[in-house]
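Reading the structure
Each chain, written out:
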Amino acid sequence: MKKNFKYLIAGILPLALLSTSCNKLLEVTPKYIYTTKQIYDNDLLADSVVLALYGKFATMQNDLSLSTGFSSDEFRPGINNFNEGYTFMYNYNLNPFSGFTNSYWETCYSVIGIANAMEEGVAQSTGMTQAGKNEVLGQAKFMRALNYYFLINLYGDVPLVLTSNYKEERIKPRMATSTVYDQIVKDLEDASALLRDQYQRERVRANKWAALALLSRVCLFTKEWEKAEQSASQVIAQQHLYRLGQLDTQDGTKVMDIFVKNNSEQILQLWNSLGSSIGGYTLGTFTSFAVTEDENGLLQAFESDDKRKDNYTKLEESTTSYMNYKYRSNGEDGMPNNEYTSVLRLSEQYLNRAEARLQLGHPSAIEDVNILRKRAGLTAISNSIPKEQALKAIIHERRVELCFEWADRWCTLKRLGIADAVMSKAKPDTWKSYAQLFPIPTTEIQNNRLLNQNPGYTN
Amino acid sequence: MNRLKNLLLVTSVLASTTLSAQQLNYQGKPSLKELFTIIRQQTGYNIIASSNQVDLNAIVTVKAKDKMLREVLEEAFQNLPLSFKIVGKEITILHDDRTKENKTKKQKTVQQLFINGIVRDKLGPIELVTIYNKNNDKVTFTDSKGMFTIERTDNTDTLIFSSLGYKEREIYIPINQQKVDLQLLQVQTVLDEVSVLSYGQQVSKRLNTGSTSGVTAAIIEKTPTADPLIALQNRVPGLLINTLSGLPGIQTQVQIRGINTVNQDGQARQPLFIVDGIPFNNNSLSHIGANNLTKSILGESPLKSIDPSTIASIEVLKDADATAIYGARGANGVILITTKRGKVGRATLSADYYHSFASIGRHMKMLNTAQYLEMRREAAKNDGIELTPEAYPDLFSWSQAEDHNWQKEYFSNIAHTYNAELSLSGGSSRFNYMLGGGFRRENTVYDKKNGLSIGNFRSNLDYNTADGKFTASLSASYATDKNDIIPLSFNNFLTLPPNYSLYTANGELNWGLENPIAQLEQTIENKTKNMVSNLSLSYRLLPNLVTKINTGYTRMHMDQMALHPRRSFNPAYSTPGSNSFTDATTATFNFEPQLDYDLVLGRNAFHALLGGTYNNSENESINKSGADYLDDSMIEDINAAGRIDILQDQRQYRFLSGFARIGWTFDQKYVLNGTIRRDGSSRFGPGNKYGNFWSLGAAWIVSEEKWLKENNIGISFAKLRGSYGLTGNDNIGDYSYFVNYARSLENYLDQGFLPTNLFNANYQWEVNKKLDLAAEMGFLKDRIVLEVNYYRNRSGNQLVGYGLPTQVGYNSVNQNLDAIVQNSGWEFSLQTTPINNLVFTWKTNFTMSINRNKLLSFPDLSGSPYSLTYQLGKPLSLTWGYKYLGINPTDGQPQFEDISGDGQISFPDDYTVLAPNIPTFFGGIGNSFNYKNFDLDIFFSFKKNKNAYFFPFSGAGSTMNAPVTVLDRWQQAGQDAKFPAYTTNSMVMSNYSSSNANYVDASYLRLNNMTLSYRVPHKFIEKIKMKNLRAYATGANLFTLTKFKGTDPETGIDMPMLRTFTLGIRSSF
């Protein structure tokens, strides 16, 4: 029996050992996947999230510019319409369930989701330096602001999500745009304090001035004229960093360099692995869109001597229609592949300041406009024109200078409340006032019962 | 004859040496029946006793303390007219009344003569048949060749031949007859089949408390496919196998008793596969790390690396009692595959070969050129659209005379399969072996060059020490296959207009439409290597206590290459060439210690199993893809790519559990089994890793009750059984309880890392509560065996990737959902043997399964992301869409139900549940006939599914052909046609496509398999030392009765299952 007992012990012992080391045995070692703790352990790794954040945002690249070009008065469908979605944009045939516009909602909120996680990751970090924390936090806040700016401009009131606590955030009502703007302004002010005032390598990450540049634009929307004026002035004052780029000259001695990577006019560009050129994208599908050339169209808006007409648009002979020519490298032989998509640039700061100063009653508000007109080979506008005309001049200048860039025209029309007036003239047959807002994606409404659809759309 | 005698002597010596070491410990006065149970449990010896010769209730006295088995038996039989014989691991008990009488007479031996002969069944010689000479009480056994020699008297002798599973035979041998050639009749029924249970336990069906069913090698052999699961289709009650395509080696969808989870990931719905005791990963590796291009291909079935001819049985474990021992992972049922092992006996060399010829059995009738062009013209006319050469190239620039039947032109070849197997098996009482290998090659009906080739090797070795205390079993198999079949889209050929030309006048691919044969310019090559190995060691610590360690290691590796040269794309889009290379490995290590204890107390028999499982599996893959190639000639060179993307992926999964199972059998009448286990999974966060599961099973063998036994009303067997228990599910993917930062795919300056998920640290085991009730009955000496099974499984605490609004940054988060899915149903199986004699045997087999799947509860379903996927009280597989109300006879427009009543048909207001897309019932009817040396098996399968997706008729607005059924369309006012007026209006047709107009009845009755085989009589092959020679012809998928107008009601519009004819031979030496 004693012998038997020994056997029993021998049999059971391994089982007993097994149970004591259970938790060890259930540990797994993930590879190619890292925990929050690992990532925010040092500045360099935490900074890599900034790059991923920009990478995610950059997926929108030209698409948003093109789409809103169609919904505003910049583009019309071309003869070969490869992308049906653009026709829907152009004709305002948007539907919320398989909508062409749903991807903007998704991308913007994905970027915001990463930014929220960064804010929380930095807060937990024990290994990062203060400088490293400032940079990561500043970038997160900047990107969150930029994406909320797009969201409210495309969709109207949207849920304001600032944490990654999905249990709290998943069912949330839409917030008034004014509340969202308050958050944007706050984020940008924080970012301008946190971010560096220099570029590290290229102009592809926001710095202090990028945050201020965006702030000056946002303040036009919130009518905080002084803040808009001051922010723009601060950016313009950085002359060692920022100077206006040049346009083509008639004799061909100079070539437009505004959109060339890291040009002095650029405040923020999107990095591009130069293997695939930005121009190539827009030009590759040139037959699917054309610059509007009718009487209300963009082409007619250029003054006859405006050099920008030939710098920013080009006649494509095979289709007899005009295309976007701001980005020129198309991957073809002999074309330099040296452009980055511009997000913020100095020209806009002059326009922002001009408008803010005009609203503040500044006597020489229009001077800033004349700086751009001069570069375009146009005559200066007198300081003495009435405010209403001056505003018109600024908006005109904005239209031709910032055409095809990040929905600027579309946002400006809505900001000034002139979308109905302008668009019903430009597209009398198809314009619908409710089209100022894109539909909220159906799946979002399904997953967040406090969301409701924008007027004019049925789920 | 001398040789034979020696041989017999050797076997009996061997037997007695083994026996001498078998010791027994028992004291008491058991009945014989109890004694035999004790012996079996303590020594592992099987006892064969014919109940009409031996009184099992006789009480004997046993005083055994470490006593030899032989001694114990001799003592026990002292006062009984019984004797025994031990051969191998079997003890045969013989009725011996004359022995005693004769003893007094002394052996007045006259002339010593012998009778010799051979005993066979239909398949060949039978080993270990007991031959008893009534006249002189001599007993002997047949050897491995079925031969025997027995002493005779000087008069007519009466020999009794008996063996387990055979009908006893008594024959008279006249004085002048010396040789006997005798055939015994098999009477074994399903009830005598042994069920393989979890962790290598075996139990006869008669005492099983759980719900298991399966198929044996005999059936698997008749299905000449690479994937052994196909053999189970419609044969096993409760097991639904959906074949998705007729291409070789494609994964099937397997469901045991319905879908248990709202999680739509196919992986979460799969049962657990166990091969020789080791969990087998049946998730196609081609999904791991594969890029979008290769993902479109249906997954390859990993099971194809298990050679069907080496499989001894496949068991399907269904209820809580049977699956509880796999606890955590048994929620969706368990499929146990057991491979063949060597048997005691002389070496047998088997060589098998077959060749299959396969073709598409049914084509779908499409419009011919005249009808197609008429459709296009009529649609334009109906819509008042002007025909222009630009919009209607098919009416202007294309040939108006050519009339292609694309299915016939591209899919009418004969696909060939060559399959060869060679194996060697045999063994002694100490050592058994089975070594085998095979090769298989299969191509497709559209491509002779490319195909699926599989080579495999297997060795199964078993060893035990002379004292029988220590045993070791090793199984190792290795399979390698290469599949370079290009999965052409069958559907694209159906819709291709009949007057189109795939080539231009100068022989180049015509790109007027997307060219479906351009895919043949691409290369796809999957190479898989699969190793499965298992070592099992056991040691008998005490006569009734065995410790066992089971270890296994499996490793599957896939090397996948896809080349997409520029020439395979429409030049209009100037798509540059691209490629993708995937290298994926999954390896699993499994370790299972066990303690096994038996105790017999009077009429009570206890069995206890205590064990643990540790499982570690790791997937690792790397995918390299190159894009933007300058020229097709460089397409295999990853360095020549304009852009290279590399994706690495790894998943580690660990599983740990401890379990105990206790079984109690009383008087062979009442059986009670209980299992408890605690499982840990690495897929859950800290504090949530463990779950507790249990089950209880009981059986009452009613036919063992005296009152039923004595009333001879033809019931030979009756059992009621039931089980209830909890099993779990952890199929939610790895690592999701913490935020995963991973390399961003969107490059920006340098390496970026981004959070890829939201984390929820609190999700837990999904729990499936299973209830199972069954009655098993045998009538007329088990010539009719009926099993009726009812089950009800409720799966709750569902693990899902719960949909989130993207405002939180992500689409979903893993969490438990408080929804309950119920599967309930009935399973029937009826096996009969209407005729069974030596000349002719007829057996039938009928199975049917009815499963009702229902979503019982789902909190806030309408406010959840599943609001348009599921509906309370309805099955999970729902079809949603507009309800088609037929056409309006006045204008020929399709009509749909306007549920919202707003006067227009719109999504999602008017979307509704149309019908569940699952079979109402399915099953099979098998008949097998045997006449002399001929066998004929006929197997029909049937399935009722009223709601299968049929060819989508997209109108006539684009250059797409339609099935001939659309000829019944509306043409004039008042006409009541089946199809709406031809139209080019895509909005109208889009509603039509999203309605139930395209769902049809796909119920069918199919002659699945018909096999005729002929065994060459032994007298012809004995001379060439052959043991067995069989030639057979099989027809698979011969005809289908169905209303479904497509090619195959199973695969819908995908490549149909092929009609296959196979010729083969099986031989053994």
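Residues numbered from 1 in each chain as written. Chains lettered and ligands numbered in written order. Predicted model: local features only at pLDDT ≥ 70, side-chain atom pairs only at ≥ 80, totals over all residues.

Across its full length, chain A holds 21 helices and 6 strands. Counting only residues that meet the buried cut, chain A has 50% of its 459 residues in that class. Restricting to contacts in chain A with at least 6 residues of sequence separation, those with at least 24 account for 67%. (Helix = DSSP H or I, 4+ residues; strand = E, 2+ residues; numbered from the N terminus. Buried ≥ 20, exposed ≤ 12 C-beta atoms within 10 Å, placed from the backbone. Contact = placed C-beta atoms within 7 Å.)

Bringing the sheet that holds strand β8 (residues 130-133) of chain B into the picture now. Residues and elements named next belong to chain B. The 4 strands are arranged β9-β8-β11-β12 in an open sheet whose pairing can be described as antiparallel. Bordering the open sheet on either side are β9 (138-141) and β12 (169-173), each of which pairs with just one other strand. Strand-to-strand twist across the sheet, computed as the mean angle between neighbouring axes with direction ignored, equals 20°. Looking at chain direction, strand β11 (residues 157-162) and β12 are connected through 5 bridges and run antiparallel. Bridge pairing in β12 places Ile160 opposite Glu170. (Pairing = 2+ DSSP bridges. Axes fitted to C-alpha atoms, helices over the stretch in contact; angles between N-to-C directions.)

Across the contact, 58 residues belong to chain A and 54 residues belong to chain B. Elements with a minimum of two residues in the side of chain A that touches chain B: α1 (2-20), α2 (22-25), α3 (36-39), α4 (43-57), α7 (102-124), α9 (166-169) and α21 (442-447) of chain A. Within the side of chain A that touches chain B, the residues separate by chemical class into 29 nonpolar, 21 polar and 8 charged. (Nonpolar A, V, L, I, M, F, W, Y, C, P; charged D, E, K, R; others polar.)

On to the packing of α4(A) against helix α8 (residues 130-155) of chain A. Residues and elements named next belong to chain A. For the pair α4 and α8, the least separation of the axes is 9 Å and the interaxial angle reads 15°. By the angle class used here, α4 and α8 are roughly parallel. As α4 runs across α8, the sense of the crossing is left-handed. Contacts from Asp43, Ala46, Asp47, Val49, Val50, Leu53 and Phe57 in α4 reach Gly132, Glu135, Val136, Gln139 and Met143 in α8. (Parallel < 35°, antiparallel > 145°, perpendicular 65-115°, else oblique. Left-handed = near helix turned anticlockwise from the far one by under 90°.)

This part takes up the pairing of strand β43 (residues 840-857) of chain B. Successive residues of a regular strand alternate their side chains across the two faces of the sheet. Residue and element names in this part refer to chain B. Direction of pairing for strand β42 (residues 820-836) relative to β43: antiparallel, over a ladder of 15 bridges. Within β43, the residue paired with Gln822 across the bridge is Lys854. The turn linking β42 back onto β43 is made up of 3 residues. Here 11 bridges tie β43 to strand β48 (residues 921-931), and the two strands are oriented antiparallel to one another. When the sheet's bridge partners are listed, Met848 is paired in β48 with Gly923.

Turning our attention to the pairing of strand β23 (residues 345-360) of chain B. Residue and element names in this part refer to chain B. Examined bridge by bridge, β23 and strand β24 (residues 415-427) share 12 bridges and lie antiparallel to one another. Directly across from Ser356, in β24, lies its bridge partner Thr417. Two strands pair when backbone bridges link them, and β23 and strand β54 (residues 1058-1068) are joined in this way by 11 bridges, in the antiparallel orientation. Following the sheet pairing, Ala351 is matched in β54 by Ser1067.

Residues and elements named next belong to chain A. Taken together, the buried positions of helix α20 (residues 419-426) are occupied by Ala419, Met423 and Ala426. Take α20 and look down its axis: the buried residues cluster within an arc of 60°, on one side only. Away from its buried face, by an angle of more than 90 degrees, α20 presents the exposed residues Ala421 and Lys425. Buried residues along α20 sit against α19 (408-415). (Arc of directions from axis to C-beta.)

Turning to unusual backbone geometry, a few remarks are in order. Residue and element names in this part refer to chain B. A positive phi angle is found at Gln668, which is not glycine, with a value near 60°. Its location among the elements puts Gln668 in the loop between β32 (643-666) and β33 (670-681). With 16 C-beta atoms packed within 10 Å, Gln668 lands in the partly exposed category. The backbone of Lys1025 shows a phi angle near 60°, a positive value even though the residue is not glycine. Tracing the backbone through its elements, the reader meets Lys1025 in the loop between α14 (1018-1021) and β53 (1028-1042).

Residues and elements named next belong to chain B. An order of β16-β21-β22-β19-β20 is seen for the 5 strands of this open sheet, with the pairing classed as mixed. Strand pairing shows two members of the sheet lacking a second neighbour, β16 (212-216) and β20 (278-280), which therefore form its edges. Across the sheet, the axes of successive neighbouring strands diverge by a mean angle of 25°, strand direction being ignored. Sheet topology note: the β16/strand β21 (residues 311-317) ladder contains 5 bridges and is antiparallel. Looking at the pairing, Val215 lines up with Ile314 of β21.

Our focus in this paragraph is the confidence of the model for chain B. Residues and elements named next belong to chain B. The predicted model of chain B has a mean per-residue pLDDT of 83, with 91% of residues at 70 or higher. In the model, residues 1-21 has pLDDT below 50 throughout and makes 23 contacts with residues more than four positions away in sequence or in other chains. Overall fold confidence (pTM) sits at 0.80, and the ipTM for the predicted complex is 0.88. (pLDDT = per-residue confidence, 0-100.)

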